[in-house]
There are 2 protein chains.
Amino acid sequence: MTEHQSAEDQILELLQALNKGVSPKFERCAGISPTRLRLLHELYQVEEISQISLQREIDIDAAAVTRHLKGLEESGTITRRNNPADNRVTLVSLTPQGRDRMHCYREEKNRFINGLLDGFDDAERKRLTDMLIRLQHNINVM
Amino acid sequence: MTEHQSAEDQILELLQALNKGVSPKFERCAGISPTRLRLLHELYQVEEISQISLQREIDIDAAAVTRHLKGLEESGTITRRNNPADNRVTLVSLTPQGRDRMHCYREEKNRFINGLLDGFDDAERKRLTDMLIRLQHNINVM
DNA sequence: CCACAATGGTTGACGGGTCAATTAAATAGG
DNA sequence: CCTATTTAATTGACCCGTCAACCATTGTGG
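Residues numbered from 1 in each chain as written. Chains lettered and ligands numbered in written order. Predicted model: local features only at pLDDT ≥ 70, side-chain atom pairs only at ≥ 80, totals over all residues. Heavy atoms only, no water.

A.B. asks: With reference to specific residues and values, describe the protein's contact with DNA strand C.
C.D. replies: Taken together, 21 residues lie around DNA strand C, and Q51(A), R80(A), T35(B), D61(B) and H68(B) are the ones closest in. The sugar-phosphate portion of DNA strand C accounts for 66% of its atoms within 4 Å of the protein, the bases making up the rest. Between D61(B) and DNA strand C, the recorded distance is 2.5 Å, taken from a backbone N or O atom to a phosphate oxygen. The contact in question runs from a sugar or linking oxygen of DNA strand C to an N or O atom on the side chain of R88(B), over 3.4 Å. Sorting the residues of the surface near DNA strand C by element identifies α3 (51-58), α4 (62-74) and β3 (86-94) of chain A together with α4 (62-74) and β3 (86-94) of chain B as the ones contributing at least two each. Looking at the surface near DNA strand C, its residues break down into seven nonpolar, six polar and eight charged. (Near = heavy atom within 4 Å. Polar contact = N/O pair within 3.5 Å; in protein donor to acceptor, adjacent residues only side chain to side chain. Helix = DSSP H or I, 4+ residues; strand = E, 2+ residues; numbered from the N terminus. Nonpolar A, V, L, I, M, F, W, Y, C, P; charged D, E, K, R; others polar.)

Dropping the structure here:
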């Protein structure tokens with residue numbers, strides 16, 4: 001059967017290899033893990049947000065959110081308090097230092113992305129984005 | 001500064017989301033994790049191979065290799081023995097049952113990839129592959 | 001009003017990857 | 001030859017994600 005497998009085959013492995021490369025490199029460049037930066041990015045655009053909303057934005061497990069926030073709280077990047085109107089929810093917000101740090105992070109992130117997309121013109125960036133979206137869609141319907 | 005960030009920004013998150021989707025879905029479809037299948041795939045094309053060569057092919061940590069092989073050995077998929085010519089290296093090979101199982105796995109993998117690339121014609125598949133390779137390259141030189 | 005569901009969050013255990021330290025074997029060089 | 005270095009593999013500790021169990025709180029319907 002499909003013996004020209006190599007071409008398509010490669011794509012799966014490329015995706016895996018790519019991700020294996022991207023995250024550590026990003027962390028080394030930006031000084032923060034991609035996931036944590038996404039958390040902070042959400043917080044940055046908002047005064048205060050419940051943990052559950054945060055989780056739904058970021059789309060990772062609630063347990064992972066809890067643990068990241070615990071770390072970020074200890075490092076003085078965020079604060080948490082109970083929602084007086086509903087004692088189940090905890091509200092999260094950036095501390096002033098957290099907001100400060102975001103400026104560096106954003107720059108590093110832009111630098112990183114530009115490096116990653118080096119040699120891609122606008123049209124290619126768009127094509128790449130479209131393809132990734134289509135792949136994502138295909139996975140979702142599987 | 002870069003305020004049209006959204007386009008490029010998206011790519012990082014798309015890559016992350018994609019990988020988050022691909023691995024579990026693959027495992028659910030194929031009944032084995034992508035990494036383990038890659039290990040078995042290497043073993044499939046060879047009579048016997050040292051752990052270190054295997055590791056270099058797959059490009060994961062030696063510790064991870066050890067643990068995967070331990071699991072695969074317990075499930076009767078592979079066997080290991082010492083290289084009599086060099087007692088440091090252990091030689092790994094598929095058991096007959098392991099070879100059998102690979103037939104199913106390969107089919108499932110092809111099915112999965114076809115699903116993933118649904119709607120991509122040959123030209124697009126090639127373009128995608130090329131782009132992924134370029135991204136990988138960009139990361140490596142960062 | 002009260003029992004029962006639903007919701008938000010935390011915790012523990014597990015899989016999968018990393019790195020660092022350790023062990024055993026082989027190889028080199030004085 | 002014997003020490004010193006390199007090499008292959010293993011182990012332990014850690015990070016990050018998942019799932020499942022649990023707790024507290026809130027909402028709901030008889």
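A.B. asks: Explain the interface of chain B and chain A to me, using residue names and the numbers behind them.
C.D. replies: Contacts between chain B and chain A engage 52 residues on the former and 52 residues on the latter. Between chain B and chain A, a total of about 5,600 Å² is buried, with carbon and sulfur atoms accounting for 64% of that surface. Put simply, chain B and chain A have six salt bridges between them. Of the charged contacts in the structure, one is a salt bridge between R134(B) and E124(A), with a shortest N-O distance of 2.8 Å. Run the count over chain B and chain A and you get 12 residue pairs in polar contact (both at pLDDT 80 or more). Among the elements of the structure, α1 (5-30), α2 (34-44), α5 (96-116) and α6 (122-141) of chain B are those that each provide at least two residues to the side of chain B that touches chain A. Broken down by element, the residue count for the side of chain B that touches chain A peaks at 21 residues, all from α1(B). Split into classes, the residues belonging to the side of chain B that touches chain A amount to 23 nonpolar, 14 polar and 15 charged. (Contact = heavy atoms within 4.5 Å. Buried area = accessible area lost by both parts, 1.4 Å probe. Salt bridge = Lys/Arg side-chain N within 4 Å of Asp/Glu carboxyl O.)

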